[in-house]
Amino acid sequence: AQKVTQAQTEISVVEKEDVTLDCVYETRDTTYYLFWYKQPPSGELVFLIRRNSFDEQNEISGRYSWNFQKSTSSFNFTITASQVVDSAVYFCALSEGVEYGNKLVFGAGTILRVKS
Amino acid sequence: AAGVIQSPRHLIKEKRETATLKCYPIPRHDTVYWYQQGPGQDPQFLISFYEKMQSDKGSIPDRFSAQQFSDYHSELNMSSLELGDSALYFCASSLNSILNEQFFGPGTRLTVL
């Protein structure tokens, strides 16, 4: 069955600190997609990244980086030099193949608070 | 670029009333998903449609129904509203050929009093 676990309920950091958000997933499929979304206080879901199960190449985009490791079923997200505007809830999500409806299954979310 | 449009953005209803939420997908997108996010919760999948047919169903109450119309917009109808239905309702759309790329609308915040 699909399952996404974000063990960190809430993280507080001081501006300019680096912070890593953890995500562990379970899937019955060999083809799947992993996502990170950001939800600021305004409520919208902001897409950050999508990774398919065949692409384990890690990525850096500005202050954001992602570490995908199939061996440990983890898809962690790091913000370097955090800023107050990074304060939000971050969701990791999983989508399996078409035969499973393609719906997104979200983790419980991690609240990130960045203090100035 | 055009995004997913949801209306209304905010809705206040009394218990036992009905509500209709609308979703207008990105032009040429043929698949629509509905998600419900309760306070402090993660979004939960409700139902999806592809080419006007229901394609998958999640934890959607029997009091809720939905459909996708010929112009691909979708409506989520909610009857006999309960306090627990208060939530943020998201619609997402995708193109069937790129199924795993879902674009989310801004959400409709429903408050049931």
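Residues numbered from 1 in each chain as written. Chains lettered and ligands numbered in written order. Predicted model: local features only at pLDDT ≥ 70, side-chain atom pairs only at ≥ 80, totals over all residues. Heavy atoms only, no water.

Student: Would you mind showing me how to read the overall build of chain B here?
Tutor: Scanning chain B from N- to C-terminus turns up 0 helices and 11 strands. The secondary structure elements of chain B, listed N-terminal to C-terminal, are β-β-β-β-β-β-β-β-β-β-β. A compact globule built from 113 residues should have a C-alpha radius of gyration of about 13 Å, and chain B, at 13 Å, falls within 12% of that. Expressed along its principal axes, the backbone C-alpha trace of chain B runs to roughly 40 × 25 × 25 Å. Per-residue burial for chain B yields a buried fraction of 48% across its 113 residues. Long-range pairs, those at least 24 residues apart, make up 53% of the contacts in chain B between residues at least 6 apart in sequence. Summed over all atoms, the accessible surface of chain B reaches about 5500 Å², with 50% contributed by carbon and sulfur. Computing the positive centroid from 10 side-chain charges and the negative centroid from 12, chain B places the two 5 Å apart. (Helix = DSSP H or I, 4+ residues; strand = E, 2+ residues; numbered from the N terminus. Rg over C-alpha atoms; globule rule 2.2 N^0.38 Å. Buried < 20%, exposed > 50% of the residue type's maximum accessible area, 1.4 Å probe, protein only. Contact = heavy atoms within 4.5 Å. Areas by Shrake-Rupley, 256 points an atom, 1.4 Å probe, with all protein chains shown as cover. Lys, Arg positive; Asp, Glu negative; His and termini not counted. Charge placed at Lys NZ, Arg CZ, Asp CG, Glu CD.)

Student: Just to check I follow, could you spell out the layout of surface pockets for this structure?
Tutor: Approximately 450 Å³ is the volume found for the largest pocket. Of all the secondary-structure elements, those providing two or more residues to the lining of the largest pocket are β10 (88-95) and β12 (110-115) of chain A together with β9 (87-94) and β11 (108-112) of chain B. (1 Å grid on protein atoms, 1.4 Å probe; cavity = no way out; pocket = protein on both sides within 12 Å on 5 of 7 lines; lining within 4 Å. Points joined across faces, edges and corners; volume = space filled by probe spheres on them.)

Student: Is there a simple way to explain the packing of aromatic side chains in this structure?
Tutor: Per the counting criterion, the structure on display carries 18 aromatic pairs over all chains. Taken together, a centroid distance of 5.2 Å and an interplanar angle of 50° make the contact between A:Tyr25 and A:Tyr32 tilted. Across the pair, A:Tyr32 and A:Tyr25 agree in class, each one buried. Summarising the aromatic geometry, the rings of A:Tyr25 and A:Phe68 are spaced 6.3 Å apart at their centres and angled 50° between planes, so their arrangement reads as tilted. Of this pair, A:Tyr25 sits in strand β4 (residues 24-26) while A:Phe68 is found in strand β8 (residues 64-69), placing the two residues 43 residues apart along the sequence. Take A:Tyr25 and A:Phe68: they sit in the same class, and that class is buried. Linked through ring pairs, A:Phe35, A:Tyr37, A:Phe47, A:Phe91, A:Phe106, B:Tyr35, B:Phe45, B:Phe90 and B:Phe104 together constitute an aromatic cluster. (Phe/Tyr/Trp six-rings, centres within 6.5 Å; stacked < 30°, edge-to-face > 60°.)

Student: Would you take a moment to explain the interface of chain B and chain A for this structure?
Tutor: Many structure descriptions define interface size as the accessible area lost when the parts assemble. Listed by partner, the interface residues are 17 residues for chain B and 20 residues for chain A. At the boundary of chain B with chain A, total buried surface from both sides reaches about 1500 Å², with 55% on carbon and sulfur atoms. Summed over the shared surface of chain B and chain A, the result is 2 salt bridges. Across the salt bridge formed by B:Glu101 and A:Arg50, the nearest N and O atoms sit 3.9 Å from each other. At the junction of chain B with chain A, the criterion picks out 5 residue pairs in polar contact (both at pLDDT 80 or more). Every element with two or more residues in the side of chain B that touches chain A is listed here: β4 (31-37) and β9 of chain B. (Buried area = accessible area lost by both parts, 1.4 Å probe. Salt bridge = Lys/Arg side-chain N within 4 Å of Asp/Glu carboxyl O. Polar contact = N/O pair within 3.5 Å; in protein donor to acceptor, adjacent residues only side chain to side chain.)

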